[in-house]
Amino acid sequence: MTQYTLQAHRPSNRCLWEGRRVALKVASGAGDLQTCTGKPRDSKMVEWTDFERATIVDIFSKMQYEVVGPAALARCLIVYPWTQRYFGNFGNLYNAAAISGNPMVAKHGTTILHGLDRAVKNMDNIKATYAELSVLHSEKLHVDPDNFKLLSDCLTIVVAAQLGKDFTGEVQAAFQKFLAVVVSALGRQYH
Amino acid sequence: MSLNSKDKAAVKALWGKIAKSADVIGSEALSRMLVVYPQTKTYFTHWPDMSPGSEPVKAHGKKVMGGLGLAVSKIDDLTTGLMELSEKHAFTLRVDPSNFKILSHCILVELATIFPKEFTPEEHLSYDKFFAAVGLALSEKYR
């Protein structure tokens, strides 16, 4: 009987449980790197459908960065107040009105949103594109990576409010997948 | 992170508007969830049709919003108020509680699309807390 073991140090191109079985297949000459389904896969690539690519490019081409960025960051600081820990030098964050009107929050929100541009332009290599920013967030800014998800959720809500009916389930799925890939890349260099 | 009086007031204030389109909101939020988080479809394989806007989805969205309306009315003691629903989810439906967060997120997104002006950061905060509290009350009887 084949033994499946949880592999703590498996290469990322192997399935969690299937690792050993796939390894055996490879050893017997079944071919190159294989996933659980036996299909060959370039371990670096996130696969994007045409719809997903088009959706992401479309959303960002129409994005009002100076509106959405500040709104998303302000919302994050208001809805998840513990995130304020990273902005001690931003002045008045005492209540929702202060946060929403804070010019430093606005400026930083816009900066963050433009930071996503590089992912939009390099959708096939987001991991490498964000390596440097990941080191920055980990080594210099010391941001708990859980916060990336909180900001992503707030950004999703702000974009949903902007697009209204156009923010369909399919569009939301594409947008959230994109943000999840960015979040994962940003968390990669933490140790 | 329990609900303070400000949260309860915020929830009740927007609920007035939500209740008027509750059926649509419920159906849309549920449809959204089934598309964005396909793993949630595993709970509905007994439906003849799981597609967005289908009859079973609409009916179920209405049911969910009814439950949330009950929660709003029992907002001062959710654990007691939702005891029966908790027993249903724990022993009959056996929905993994991680899905409460997923559906909550989809309802928040739906509220943002339908009420872009009213769904301010403050309302978002209070509803996020409210849904978390409802999820907790629903999980009460699980073990």
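Everything numeric in this text was worked out from a predicted model, so none of it was measured.

Caption draft 1: Examining the interface of chain B and chain A more closely. The partner chain A presents 20 residues to the 19 residues of chain B that form the contact. For the chain B and chain A pair, buried surface summed over both sides reaches about 1600 Å², with 65% attributable to carbon and sulfur atoms. When the area that chain B buries against chain A is broken down by residue, the three leading residues are H105, P121 and H124 of chain B, summing to 28%. For the interface between chain B and chain A, the tally reads six residue pairs in polar contact (both at pLDDT 80 or more).

Caption draft 2: Spotlight on the environment of Q189 of chain A. Mapped onto the secondary structure, Q189 of chain A falls in the segment after α10 (169-187). For the pair Q189 of chain A and T110 of chain A, spaced 79 residues apart in the sequence, the C-alpha separation amounts to 24 Å.

Caption draft 3: Quick peek at the UniProt feature "domain: Globin" (unreviewed entry) in chain A. Per the UniProt record, the feature "domain: Globin" (unreviewed entry) sits at residues 47-191 of chain A. The annotated region residues 47-191 of chain A carries 70% helix and 0% strand content, and the separation between its end C-alpha atoms amounts to 27 Å.

Caption draft 4: Region of interest: the state of the cysteines. Residue and element names in this part refer to chain A. Taken as a whole, this structure holds zero disulfides over all chains when the rule is applied. Note on C76: no disulfide assigned, nearest cysteine sulfur contributed by C154 at a separation of 4.6 Å. The exposure class assigned to C76 is buried, which follows from its relative accessible area of 4%.

Caption draft 5: Molecular detail of the packing of helix α9 (residues 146-163) of chain A against helix α6 (residues 98-114) of chain B. For the pair α9 of chain A and α6 of chain B, interaxial distance at closest approach is 7 Å and the crossing angle is 35°. Crossing angle aside, the handedness with which α9 of chain A passes α6 of chain B is right-handed. In this structure, α9 of chain A uses D153, T156, I157, A160 and A161 of chain A to contact α6 of chain B, whose residues at the interface are H105, L108, V109, A112 and T113 of chain B. Partitioning the contact of α9 of chain A with α6 of chain B into residue classes produces six nonpolar, three polar and one charged.

Caption draft 6: Representation of α6 of chain B in the model. With 17 residues, α6 of chain B extends 25 Å between its outermost C-alpha atoms, agreeing within 8% with the 24 Å of an ideal straight helix rising 1.5 Å per residue. Buried residues dominate α6 of chain B, accounting for 14 of its 17 residues.

Caption draft 7: Looking closely at the UniProt feature "domain: Globin" (unreviewed entry) in chain B. According to UniProt, the positions carrying the feature "domain: Globin" (unreviewed entry) are residues 2-143 of chain B. Spanning residues 2-143 of chain B, this segment combines 71% helix with 0% strand, and its end C-alpha atoms are found 21 Å apart.

Caption draft 8: View of the side chain of N99 of chain B. All names here are of chain B. Take N99: it is sitting in helix α6. For N99, a relative accessible area of 9% puts it in the buried group. One polar contact links N99 to Y43, side chain to side chain, over a distance of 3.4 Å. Look past the residues within four positions of N99 in its chain and what remains in contact with it is T40 and Y43.

Cut-offs applied
For every chain, the first residue of the written sequence is number 1, and numbering continues from 1 onward in sequence order. Chain letters start at A and ligand numbers start at 1, both assigned in the order the entries are written. Reporting in this predicted model follows two pLDDT cut-offs: at least 70 for local features of residues, and 80 or more for side-chain atom pairs to be given and counted; totals over whole chains, interfaces and linings ignore these cut-offs and use all residues. To get the side-chain values, all heavy atoms of the structure are used, and hydrogens and water are removed first. Contacts: residue pairs with any heavy atoms within 4.5 Å of one another. Summed over both partners, the accessible surface that disappears when two parts come together, traced with a 1.4 Å probe, is what is meant by buried area. Throughout this description, a polar contact denotes any pair of N or O atoms lying within 3.5 Å of each other; where both atoms belong to protein, one of them has to be capable of donating a hydrogen while the other can accept it, and for residues adjacent in sequence the pair is counted only when both atoms sit in side chains. Only DSSP runs of H or I covering at least 4 residues are called helices, and only runs of E covering at least 2 are called strands; the numbering of each starts at the N terminus. UniProt positions are given in the numbering used here, feature names are shortened, and annotations may be inferred rather than shown by experiment. What counts as a disulfide here is a pair of cysteine sulfur atoms lying within 2.5 Å. Note on classification: 1.4 Å probe, protein chains only; a residue is buried when its accessible area is under 20% of the maximum for its type, exposed when over 50%, partly exposed between these limits. Here an angle of 0 to 180 degrees is reported between the N-to-C directions of two axes, which are lines fitted to C-alpha atoms, with helices fitted over the stretch in contact. Put simply, a crossing is left-handed when the front helix is turned counterclockwise from the back one by less than a right angle, and right-handed when it is turned clockwise. Classes in brief: Ala, Val, Leu, Ile, Met, Phe, Trp, Tyr, Cys and Pro nonpolar; Asp, Glu, Lys and Arg charged; the others, Gly included, polar. Here a helix's expected span is defined as the number of its residues, less one, multiplied by 1.5 Å.

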